[in-house]
Amino acid sequence: GDEVRGYAILEKTATHLCVLTEKGSIKKVPMDAIEIIGIKKRKDTSYLTYLQNDDSVFQCAFINPKSNVYICNKSAYKALSFDEIPEMSRRSKGSKMIPVPVGDNIITMIISDKSLTF
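Residues numbered from 1 in each chain as written. Predicted model: local features only at pLDDT ≥ 70, side-chain atom pairs only at ≥ 80, totals over all residues. Heavy atoms only, no water.

Enquirer: Which parts of the structure should I look at to understand the sheet that holds strand β2 (residues 25-30)?
Expert: Sheets are built from strands paired through backbone hydrogen bonds, the pairs being either parallel or antiparallel. Taken together, 4 strands build an open sheet; the order of strands is β3-β1-β2-β6 and the sheet is antiparallel. Each edge of the open sheet is held by one strand with a lone partner, namely β3 (57-63) and β6 (95-96). Pairing geometry for strand β1 (residues 16-21) and β3, over 6 bridges, is antiparallel. Each residue of the ladder has a partner; that of H16, found in β3, is I63. (Pairing = 2+ DSSP bridges. Helix = DSSP H or I, 4+ residues; strand = E, 2+ residues; numbered from the N terminus.)

Enquirer: Just checking my understanding: could you explain the sheet that holds strand β4 (residues 68-73) for this structure?
Expert: Strand order in the open sheet formed by 3 strands is β5-β4-β7, with antiparallel pairing between adjacent strands. Looking at which strands have only one partner, the edges of the open sheet turn out to be β5 (77-81) and β7 (106-112). Averaged over neighbouring strand pairs, the angle between their axes works out to 15° when direction is ignored. The pairing of β4 with β5 spans 5 bridges and is classified as antiparallel. (Axes fitted to C-alpha atoms, helices over the stretch in contact; angles between N-to-C directions.)

Enquirer: Teacher, can you tell me more about the nonpolar core here?
Expert: Grouped burial of nonpolar side chains is what soluble globular proteins tend to show. In this structure, C18, L20, I26, V69, I71, I85 and M109 are the most contacted members of the largest nonpolar core, which totals 13 residues. When contributions to this core are tallied by element, the ones reaching two or more residues are β1, β3, β4 and β7. Those residues in contact with I71, other than ones at most four positions away along the chain, are L20, I26, A76, Y77, K78, L80, I98, I106, T108 and M109. (Core = buried A, V, L, I, M, F, W, Y, C linked by side-chain atoms within 4.5 Å. Buried < 20%, exposed > 50% of the residue type's maximum accessible area, 1.4 Å probe, protein only. Contact = heavy atoms within 4.5 Å.)

Enquirer: Mind showing me how you'd approach the side chain of D55 here?
Expert: Take D55: it is sitting in the loop between β2 and β3. For the buried D55, no salt bridge exists, and the shortest N-O distance to an oppositely charged side chain is 6.2 Å, to K23. A distance of 3.3 Å separates a polar atom in the side chain of D55 from the backbone nitrogen of E22. Here K23 takes part through its backbone nitrogen, which lies 3.0 Å from a polar atom of the side chain of D55. In this view, D55 contacts T21, E22 and K23; residues no more than four positions away in its chain are not counted. (Lys, Arg positive; Asp, Glu negative; His and termini not counted. Salt bridge = Lys/Arg side-chain N within 4 Å of Asp/Glu carboxyl O. Polar contact = N/O pair within 3.5 Å; in protein donor to acceptor, adjacent residues only side chain to side chain.)

Enquirer: Mind showing me how you'd approach the pairing of β2 here?
Expert: Regular strands have side chains that alternate between both faces of the sheet. Within β2, 6 of the 6 residues are buried, leaving the element largely enclosed by the surrounding structure. Of the two faces of β2, the one holding S25, K27 and V29 and the one holding I26, K28 and P30 are both buried throughout. Two strands pair when backbone bridges link them, and β1 and β2 are joined in this way by 5 bridges, in the antiparallel orientation. Across the sheet, the residue bridging to V19 is K27, located in β2. Where β1 hands over to β2, the hairpin turn is made up of 3 residues, of which G24 adopts a positive phi near 95°. Sheet topology note: the β2/β6 ladder contains 2 bridges and is antiparallel.

In short, the description is geometric, and any link to function would need to be established separately.
So this is what it looks like as C-alpha cells:
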C-alpha cells in the first residue's frame, strides 16, 4: 500500500526535515533522526510521522534556522519562521498549526531564506 508522493533535495545547510500533512499539522525533525540512504542504517521502521486515519503527508522539505515556511490554501496563506515550527521526533504527530476549513485544502508549501509577501 506504499506509494511515493514526492521527494526533497538534501542541501548541505539543512538541519531539519519539515513535515506538513494535508490536515495542517506541521513539525520539524532534526537531521540526526532521519535515515539517509548510505549514511545511516536503522533496524526499525523509518516512517516520518504519526498520522490520523483521515490524514496524509502533504509535503516534506529540508530546512535550516534561516528558513521561512509559507503554506498556501485556496483561501489564505500562513507564514512560519523556523523557530515557530515545533521540533519533534520523527515518530510523533505534528502540531495542528495551519487551519484547513471544510472545502479548503493546502495547495503548496514554499521554503525560502528570504521574507516573501503575497
